[in-house]
Amino acid sequence: MAGLEPLYAWARAAVGRAQDALLCALHWELVRHGYRCAGAGEQPGPDERASELLPRGWQANPELYTLRYVSADGRRELLLKAIVVEDSMIVNVMDRGSQKVADVTLTVADYINPEHLDDFHKVYKNMEELRTRIASGIITPLAPPAEKEPRAEKEPALPREHDPLRVPPRRPAGAREPPWPSPTDPFAVGGQDLDPFGARGGGMIADPLRSGFPRPGLDPSSGLPSRLPPGAVPPGARFDPFGPLGANTAGPNPDHLPPPGYEDMFM
């Protein structure tokens, strides 16, 4: 109620009915929310100034109150029209800039004691309810949109070329990838087997000489009636003997592990 009492005392000479007292309360709620009354009527008149007081002639029309309000910063202008219909007051407010419209209907007898117009402390009742209805019906709908704080741009958690459908590689931390041949070379498959010196390592041929265990050298002349000439087999080359290995040879004996069912004629 702070501020409304001196306003009502100033306007008391012009208050002749309950609707006038209700308009004073409505006017003061707009003032409390940062608006100032610029004048009566739809169009501005000469020498008008925004004020917390009601303008001259505000109650001249007993059926319709028309007042103009401006925000404290002067950026927004409201046009208020309060129509008296029997025991109710229909309040319509338009923001002239955005063309937004808000309205609320108030029953005069719910907030004004008409028999106590001379006593400010008795003329108003249910003021908290009246303030709530004015705020929810007029102030809030016409309030300017709150400015959003600019968000700081965050660095993307994943690189832009990241494919969310791609299965990530599963390898333990610190593990090194094997030296696979370049996938761009279609002739790289089995290339290790073409290197007679085995410099590349690996390959698709099971080479017992390169299994990691020390073994005596193989005799390349095994299975031949005579020995091969010197230099026929380069040192370290992969070599398949011509015949079965001797009994004293340290390499594997192919007869030790015959294939399963090798005696079956139908296999």
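The coordinates are above.
Predicted model, so just to flag it, every value in this text is computed and none were measured.

> How do you make sense of a nonpolar patch on the surface when you look at a structure like this?
Nonpolar side chains collect at one region of the surface, where Ile83, Val85 and Ile90 lie side by side and expose about 210 Å² of accessible area between them. Among the structural elements, Val85 can be located in strand S3 (residues 77–85). Classification of Val85 as partly exposed rests on a relative accessible area of 39%.

> What am I meant to see in helix H4 (residues 127–142) here?
Note that an α-helix has 3.6 residues per turn; residues three or four places apart therefore point the same way. With 16 residues, H4 should cover 22 Å at 1.5 Å per step; its first-to-last C-alpha distance of 21 Å lies within 8% of that length. The largest bend along H4 measures about 40° and falls at Ala135. If you follow the buried residues of H4, they end up packed against helix H1 (4–11), helix H2 (18–32), strand S1 (35–40), S3, strand S4 (88–95) and strand S5 (101–107).

> Would you mind going over the packing of H1 against H2 with me for this structure?
How two helices pack is summed up by the angle between their axes together with the distance between the axes. Relative orientation of the contacting elements H1 and H2 amounts to 135°, with a least axis distance of 10 Å. With respect to their mutual orientation, H1 and H2 come out oblique. Read as a crossing pair, H1 and H2 show a hand that is right-handed. Of H2, the residues touching H1 (which contributes Leu4, Leu7, Tyr8 and Ala11) are Ala21, Cys24, Ala25, His27 and Trp28.

> What is the right way to look at the packing of H2 against H4 in this model?
Closest axis-to-axis distance for the H2/H4 pair is 11 Å, and the angle between their directions is 60°. Regarding the angle of H2 to H4, the classification is oblique. Both H2 and H4 take part in a crossing whose hand is right-handed. The segment H2 lies against H4, with Leu22, Ala25, Leu26, Glu29, Leu30 and Arg32 engaging Met127, Leu130, Arg131, Ile134, Ile138 and Ile139. Residues belonging to the contact of H2 with H4 are distributed by class as follows: nine nonpolar, no polar and three charged.

> Is there a simple way to explain the pairing of S4 in this structure?
Where a strand is regular, its side chains alternate between the two sheet faces. For S3 and S4, the ladder comprises eight bridges, and the chain directions are antiparallel. Counted as the bridge partner of Val85 is Ser88 from S4. Hairpin remark: S3 followed by S4, antiparallel, with two residues in the connecting loop; positive phi at Glu86, about 55°. Here S4 pairs with S5 via seven bridges, running antiparallel. Each bridged residue has a counterpart across the sheet, and for Met94 the counterpart in S5 is Val101.

> Could you clarify how one ought to interpret the nonpolar core in this entry?
Note that soluble globular proteins tend to have their nonpolar side chains buried in a common cluster. Within the largest apolar cluster, 45 residues are counted, with the highest numbers of intra-cluster contacts made by Tyr8, Trp58, Leu80, Val91, Ile112 and Tyr124. Per-element accounting of this core gives the leading share, ten residues, to H2. Beyond its immediate chain neighbours, meaning those up to four positions away, Leu80 contacts Leu23, Leu26, Leu30, Tyr65, Thr66, Leu67, Tyr69, Val91, Asn92 and Val93.

> Looking at this structure, I do not really get the pattern of salt bridges. What am I missing?
Any two side chains of opposite charge can pair if their charged atoms end up close together. Applying the stated criterion across every chain, the model contains ten salt bridges. For Arg131, the salt bridge identified is with Glu29, shortest N-O distance 3.1 Å. Highlighted residues: Arg131 in helix H4 and Glu29 in helix H2, separated in sequence by 102 residues. On the basis of relative accessible area, Glu29 is assigned to the buried category, the value being 4%. One salt-bridge network, in which partners are shared between bridges, spans Glu29, Arg32, Glu128 and Arg131.

> Hey, could you run me through H1 in this one?
For H1, the complete set of buried residues consists of Leu4, Leu7, Tyr8 and Ala11. Summarising the axial view, the buried residues of H1 lie within an arc of 95°, below the 170-degree limit, and thus occupy one face. Opposite the buried face of H1, at more than 90 degrees from it, the exposed residues are Pro6 and Ala9. Where H1 is buried, its residues meet H2, helix H3 (120–123) and H4.

Rules and cut-offs
- Residues numbered from 1 in each chain as written.
- Predicted model: local features only at pLDDT ≥ 70, side-chain atom pairs only at ≥ 80, totals over all residues.
- Heavy atoms only, no water.
- Patch = residues over 30% accessible without salt bridge, like charges linked within 9 Å, V, L, I, M, F, W, Y side chains within 5 Å.
- Areas by Shrake-Rupley, 256 points an atom, 1.4 Å probe, with all protein chains shown as cover.
- Salt bridge = Lys/Arg side-chain N within 4 Å of Asp/Glu carboxyl O.
- Helix = DSSP H or I, 4+ residues; strand = E, 2+ residues; numbered from the N terminus.
- Buried < 20%, exposed > 50% of the residue type's maximum accessible area, 1.4 Å probe, protein only.
- Expected span 1.5 Å × (residues − 1).
- Bend = angle between axes of the 7 residues up to and from the residue.
- Contact = heavy atoms within 4.5 Å.
- Axes fitted to C-alpha atoms, helices over the stretch in contact; angles between N-to-C directions.
- Parallel < 35°, antiparallel > 145°, perpendicular 65-115°, else oblique.
- Left-handed = near helix turned anticlockwise from the far one by under 90°.
- Nonpolar A, V, L, I, M, F, W, Y, C, P; charged D, E, K, R; others polar.
- Pairing = 2+ DSSP bridges.
- Core = buried A, V, L, I, M, F, W, Y, C linked by side-chain atoms within 4.5 Å.
- Arc of directions from axis to C-beta.

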